[in-house]
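Per-entry structural report
The chain contents come next:
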Amino acid sequence: MLSPEELSRYSRNILLDEVKRTGQEKLSKSIVTIVGAGGLGSPALLYLGAAGIGKIRVIDSDIVDTTNLQRQIIYKHSDIGKEKAIASAENVKLLNPFIQVEGIKARFSEENAKALLESSDLVLEGSDNFDTKFLVNDICVREKIPFITAGVLRFEGMIMGVRPGKDACFRCIYEEPPLPEHVPSCADAGVIGSMAGMIGTIQATESIQFLLSDSKREEGLFGKILQIDSKTMEFRKISTARRKDCIVCGNSY
Ligand SMILES: [Zn+2]
């Protein structure tokens, strides 16, 4: 049950016909896991925390450094040197003390993946490397956890939602992680900070609507890839198709 203080805090959500009090209660019972508390995870965590998602788990193994602050807006200058998982969880709790936030300092791996994602209603993937993106895909498909994966580089970004067994998975589209020398990272090639903010904010917006829909959302970014080129401000939404021979979600799945 939401307290009078929470009802007031979330009143602009509750005013919406698509939310109302029952929708807000649904959000307060939801569990979302965020893999990567960086440029995408920062805005996603802030907006999901502010929206009243009841339980948020944040996974990151890094330490806040000065080059992060151009885009990883959940951190303050005074957080430099702190563990991202812990600092991001503390900062979102300062924003909203009515939710539970658990910061886990860990590198997402084959060994810990299942335990880290357990009981999640939804996973947001916003890591900075393809190995993690593929691993989140493989574990979420296997455990049948819906997820929204996203990436950003330079002036561009992409977002893709996957309901395992229904939508194309990340491997249906990309098959194998590219060789690291073939893909520049934000550390090599740069990124516009607010571009990461846009993509992470779209992940949060899609998440809220997905959770409100009891996973039955038909519009939006599930079964789709949204590509954004901020140089031209072109937004392109492309439907995805499952591949029968996908090694993760194909026929043998
Ligand atoms: Zn697949």
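What counts and what doesn't
- Residues numbered from 1 in each chain as written.
- Predicted model: local features only at pLDDT ≥ 70, side-chain atom pairs only at ≥ 80, totals over all residues.
- Heavy atoms only, no water.
- UniProt positions renumbered as here; feature names shortened; annotations may be inferred.
- Phe/Tyr/Trp six-rings, centres within 6.5 Å; stacked < 30°, edge-to-face > 60°.
- Helix = DSSP H or I, 4+ residues; strand = E, 2+ residues; numbered from the N terminus.
- Buried < 20%, exposed > 50% of the residue type's maximum accessible area, 1.4 Å probe, protein only.
- Contact = heavy atoms within 4.5 Å.
- Donors = N, O, S within 2.8 Å, 3.2 Å for Na, K, Ca; no water.
- Tetrahedral: all angles 85-135°; square planar, octahedral: opposite > 155°, others 65-115°.
- Pairing = 2+ DSSP bridges.
- Axes fitted to C-alpha atoms, helices over the stretch in contact; angles between N-to-C directions.
- Left-handed = near helix turned anticlockwise from the far one by under 90°.
- Nonpolar A, V, L, I, M, F, W, Y, C, P; charged D, E, K, R; others polar.
- Right-handed = clockwise from strand over helix to strand, strands pointing away.
- Salt bridge = Lys/Arg side-chain N within 4 Å of Asp/Glu carboxyl O.

You'll find the protein entered in an unreviewed UniProt entry as HesA/MoeB/ThiF family protein, with Leptospira sarikeiensis given as the organism. Reading the Sequence similarities (unreviewed entry) entry of the UniProt record for the protein gives the comment "Belongs to the HesA/MoeB/ThiF family."

Applying the stated criterion across every chain yields a total of 3 aromatic pairs. Pairing Phe134 with Phe170 gives two aromatic rings, centres 5.0 Å apart and planes at 70 degrees, and the pair type is edge-to-face. Residue Phe134 is found in helix α7 (residues 130-143), and its partner Phe170 is found in helix α8 (residues 170-174); the two are separated by 36 residues along the sequence. The same class applies to Phe134 and to Phe170, which are both buried. Among the aromatic residues, those joined into a ring-pair cluster are Phe134, Phe170 and Tyr174.

Quick look at the environment of Gly157 now. By the element assignment, Gly157 lies in strand β6 (residues 156-162). Separated by 63 residues in sequence, Gly157 and Leu94 place their C-alpha atoms 29 Å apart. Sequence-distant contacts of Gly157, defined by excluding residues within four places in its chain, comprise Gly151, Val152, Met195, Ile199, Leu226, Gln227 and Ile228.

The next thing to look at is the coordination of the zinc ion. Protein-derived coordination of the zinc ion comes from Cys169 (SG), Cys172 (SG), Cys246 (SG) and Cys249 (SG), at a distance range of 2.3 Å. For the zinc ion, the 4 donor atoms in the first shell make angles of 92 to 121 degrees at the metal, a pattern classed as tetrahedral. Site description for the zinc ion: donor spacing in sequence, C-x2-C-x73-C-x2-C. By relative accessible area, which is 4% here, Cys246 ends up buried.

Spatial strand order, β3-β2-β1-β4-β5-β6-β7-β8: 8 strands in an open sheet with mixed pairing. Either end of the sheet is taken by a strand with one partner, and the two such strands are β3 (100-105) and β8 (234-239). Within this sheet the neighbouring strands show an average axis-to-axis angle of 15 degrees, counted without direction. Pairing analysis gives 6 bridges linking strand β7 (residues 224-229) to β8, with the strands arranged antiparallel. In the strand pairing of β8, Leu226 is matched with Lys237.

It is worth spelling out the packing of helix α4 (residues 41-51) against helix α5 (residues 84-95) at this point. Between α4 and α5, the shortest axis-to-axis distance is 9 Å and the interhelical angle comes to 35 degrees. The chirality of how α4 crosses α5 is right-handed. In this structure, α4 uses Leu45, Leu46, Gly49 and Ala50 to contact α5, whose residues at the interface are Ser88, Val92 and Leu95. Counted by class, the contact of α4 with α5 contains 5 nonpolar, 2 polar and no charged residues.

All right, on to the pairing of β3 then. Taken together, the 6 bridges between strand β2 (residues 55-60) and β3 define a ladder with parallel strand orientation. By the bridge assignment for β3, Ile56 is matched with Val101. Note that the unit made of β2, α5 and β3 has a crossover that is right-handed.

Scanning all chains against the criterion turns up 14 salt bridges. Across the pair Arg171 and Asp138 runs a salt bridge whose closest N-O atoms are separated by 2.6 Å. In this pair, Arg171 sits in helix α8 while Asp138 sits in helix α7, placing the two residues 33 residues apart along the sequence. No difference in accessibility class separates Arg171 from Asp138, as the two residues are buried. Here Glu218 ties to Lys166 by a salt bridge, and the two come within 3.1 Å at their closest N and O atoms. Of the two residues, Glu218 sits in the loop between α10 (193-212) and β7 while Lys166 sits in the loop between β6 and α8, which places them 52 residues apart along the sequence. Residue class for Lys166 comes out partly exposed when judged on its relative accessible area of 48%. Within the structure, one salt-bridge network assembled from shared partners comprises Arg163, Lys166, Asp167 and Glu218.

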